[in-house]
Amino acid sequence: MSKVSHKFLAGFCMGIAEITPGISGATIAGLFNVYKEFVTFLHVFSPIKLKPNLKYFSDEINFSFIIPLLLGMVISVYLSAYAIDYFRNNYLYELKIFLSAVMLVAVIKNCVLDQSLNDSLIYLFDFILGLILAIIISLSLVELDFNNIFLLILAGLMAFTAFLLPGISGSLVLVILGVYGNITTAIKDFDVMFLVPFIVGMVISFLIIPAQIIKMINSNEVKTKVFFSGLILGSVPAVWLHLS
């Protein structure tokens, strides 16, 4: 498989993951070994780092990486908005098993295949911390009435943050919050007025979170992977509790 095809397929699968309530696009990015590059691209737009000139963007952005990745994501998000209801309505149990299996594979890859298990066990506390945080999120979020701008902004912020972090997907966060159906309907109907505050929330997360992730990776990549693995494993209950 060529590098361009690999990046397009990675983006396509990330898009499917994000629109499908279950695992996050970041989990899939990790499986395709494009997570660090993807977050590095997002970090280019950090307000602290951003320089509004063409030379900055040409120097900082790897266009051969990001163009096929984003193209795959955009295509799959649009197509999945039409297809996901079919699988949820007809193959829900099988879908839950598949998503759980993918999450377990991601944990094994991060903790066993990317480095030795002994190296990962050094950061067992970080794994347990991520596990507990994800379980708390899976069990504690409640449905809210999102028929106002501010809560839609909050939903966008939480969904995109979940997209950036391996584990629970942004769309499953929307399911837990009770706004998933509204968002997918707005996408299919091109309801711009409904989507604008949601997108604003996503942009806020987009500008803040990637910089923090890059700091974590640069500080200790193995520790970050182990922590993310805890988030992924702790998100499995959310698939079974909230995906319906």
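Before any of the text, the structure's been laid out above.
Residues numbered from 1 in each chain as written. Predicted model: local features only at pLDDT ≥ 70, side-chain atom pairs only at ≥ 80, totals over all residues. Heavy atoms only, no water.

As for the nonpolar core
Selection rule: What we call a nonpolar core is a set of buried Ala, Val, Leu, Ile, Met, Phe, Trp, Tyr and Cys residues that are connected through their side-chain atoms within 4.5 Å. For each residue, the accessible area found with a 1.4 Å probe, counting protein chains only, is set against the maximum for its type, and the residue is called buried under 20%, exposed over 50%, and partly exposed in between. Only heavy atoms enter the contact rule, under which two residues are in contact if any of them lie within 4.5 Å.
In this structure, Met14, Val34, Tyr35, Phe38, Leu69 and Leu174 are the most contacted members of the largest nonpolar core, which totals 65 residues. Among residues more than four places away in sequence, those in contact with methionine 14 are Gly25, Ile28, Ala29, Val34, Phe38, Leu69, Met73 and Phe163.

Brief notes about the environment of glycine 181
Spelled out, the test is: Numbering goes from the N terminus for both helices and strands, where a helix is a DSSP run of H or I of at least four residues and a strand is a run of E of at least two.
Positionally, glycine 181 belongs in helix α11 (residues 180-189). We classify glycine 181 as partly exposed; its relative accessible area is 38%. Between the C-alpha atom of glycine 181 and that of serine 205, which follows or precedes it by 24 residues, the distance is 22 Å.

Considerations on unusual backbone geometry
Backbone geometry at asparagine 33 places phi at a positive 60°, although glycine is not the residue there. Residue class for asparagine 33 comes out exposed when judged on its relative accessible area of 55%.

Remarks on the packing of aromatic side chains
Quick note on the threshold: Only Phe, Tyr and Trp rings are paired, with Trp represented by its six-membered ring, and only when their centres lie within 6.5 Å; those with planes under 30 degrees apart are stacked, over 60 edge-to-face, the remainder tilted.
What the rule picks out here adds up to five aromatic pairs. Here tyrosine 93 and tryptophan 240 contribute two aromatic rings whose centre-to-centre distance is 5.8 Å and whose plane-to-plane angle is 75°, an arrangement assigned as edge-to-face. Of this pair, tyrosine 93 sits in helix α6 (residues 92-113) while tryptophan 240 sits in helix α14 (residues 236-242); the two residues are 147 residues apart in sequence, bridging distant segments of the chain. Looking at tryptophan 240, the relative accessible area reads 36%, which means it is partly exposed. Ring geometry for phenylalanine 227 and phenylalanine 228: centres 6.0 Å apart, planes at 45°, overall tilted. Neither residue differs from the other here; phenylalanine 227 and phenylalanine 228 are each classed as buried.

Notes on the packing of α11 against helix α12 (residues 192-219)
Operational definition: Helix axes are fitted only over the stretch in contact, all axes being lines through C-alpha atoms; the angle between N-to-C directions runs from 0 to 180 degrees. Put simply, angles under 35 degrees are roughly parallel, angles over 145 are roughly antiparallel, angles from 65 to 115 are roughly perpendicular, and the rest are oblique. Crossings are sorted by hand: turned counterclockwise from the far helix by less than a right angle, the near helix makes the crossing left-handed, and turned clockwise it makes it right-handed. Residue polarity is assigned by list, with Asp, Glu, Lys and Arg as charged and Ala, Val, Leu, Ile, Met, Phe, Trp, Tyr, Cys and Pro as nonpolar; anything else, Gly included, falls into the polar class.
Put simply, α11 and α12 touch, their axes get as near as 9 Å, and they point 120° apart. By the angle class used here, α11 and α12 are oblique. As for the relative orientation of α11 and α12, their crossing is left-handed in sense. Here Asn182, Ile183, Ala186 and Ile187 of α11 come into contact with α12, specifically with Phe194, Leu195 and Phe198. Among the residues forming the contact of α11 with α12, the class breakdown is six nonpolar, one polar and no charged.

What to know about the pattern of salt bridges
To keep things clear, this is the line we draw: Between Lys or Arg on one side and Asp or Glu on the other, a salt bridge is scored when a side-chain nitrogen of the former is within 4 Å of a carboxyl oxygen of the latter.
Enumeration over the complete set of coordinates arrives at four salt bridges. Between glutamate 221 and lysine 36 there is a salt bridge whose closest N-O contact spans 3.9 Å. With glutamate 221 in helix α13 (residues 221-234) and lysine 36 in helix α3 (residues 35-43), this pair connects stretches of sequence that are 185 residues apart. Judged by relative accessible area, lysine 36 falls into the partly exposed class, the value being 37%.

Some remarks on the packing of helix α9 (residues 149-164) against α12
The N-to-C vectors of α9 and α12 enclose an angle of 40°; their axes lie 7 Å apart at closest approach. In this view, α9 runs oblique relative to α12, as classed from their interaxial angle. α9 and α12 meet at a crossing whose hand is right-handed. Mapping the contact onto sequence places Ile149, Leu152, Ile153, Ala155, Gly156, Leu157, Ala159, Phe160, Thr161 and Leu164 in α9 and Phe194, Pro197, Phe198, Val200, Gly201, Met202, Ile204, Ser205, Phe206, Ile209, Pro210 and Ile213 in α12.

So, α12
Test applied: For a helix, the expected span equals 1.5 Å multiplied by the number of residues minus one. Two axes enter the definition of the bend at a residue: one is fitted to the seven residues ending there, the other to the seven starting there, and the bend is the angle between them.
Relative to the 40 Å expected for 28 residues at 1.5 Å per residue, α12 spans 40 Å between its end C-alpha atoms, a close match to the ideal helical length. Along its length, α12 shows its largest kink, about 30°, at phenylalanine 206, and proline proline 210 lies within four residues downstream of that point. The inward-facing, buried residues of α12 contact α3, α9, α10 (170-177), α11 and α13.

Let's talk about the side chain of asparagine 110
Worth spelling out the cut-off: For the purposes of these results, a polar contact is taken to be a pair of N or O atoms within 3.5 Å, where, inside protein, one atom must be able to donate a hydrogen and its partner to accept one; residues adjacent in sequence count only when each atom of the pair is a side-chain atom.
Relative to the elements of secondary structure, asparagine 110 occurs in helix α6. Within polar-contact distance, the side chain of asparagine 110 engages the side chain of serine 229 at 3.4 Å.

Considering the environment of glycine 230
Following the sequence through the fold, glycine 230 ends up in helix α13. A sequence separation of 103 residues divides glycine 230 from phenylalanine 127, and the C-alpha atoms of the two residues are 4.4 Å apart. Setting aside its immediate chain neighbours within four residues, glycine 230 contacts Phe127, Gly130, Leu131 and Ala134.

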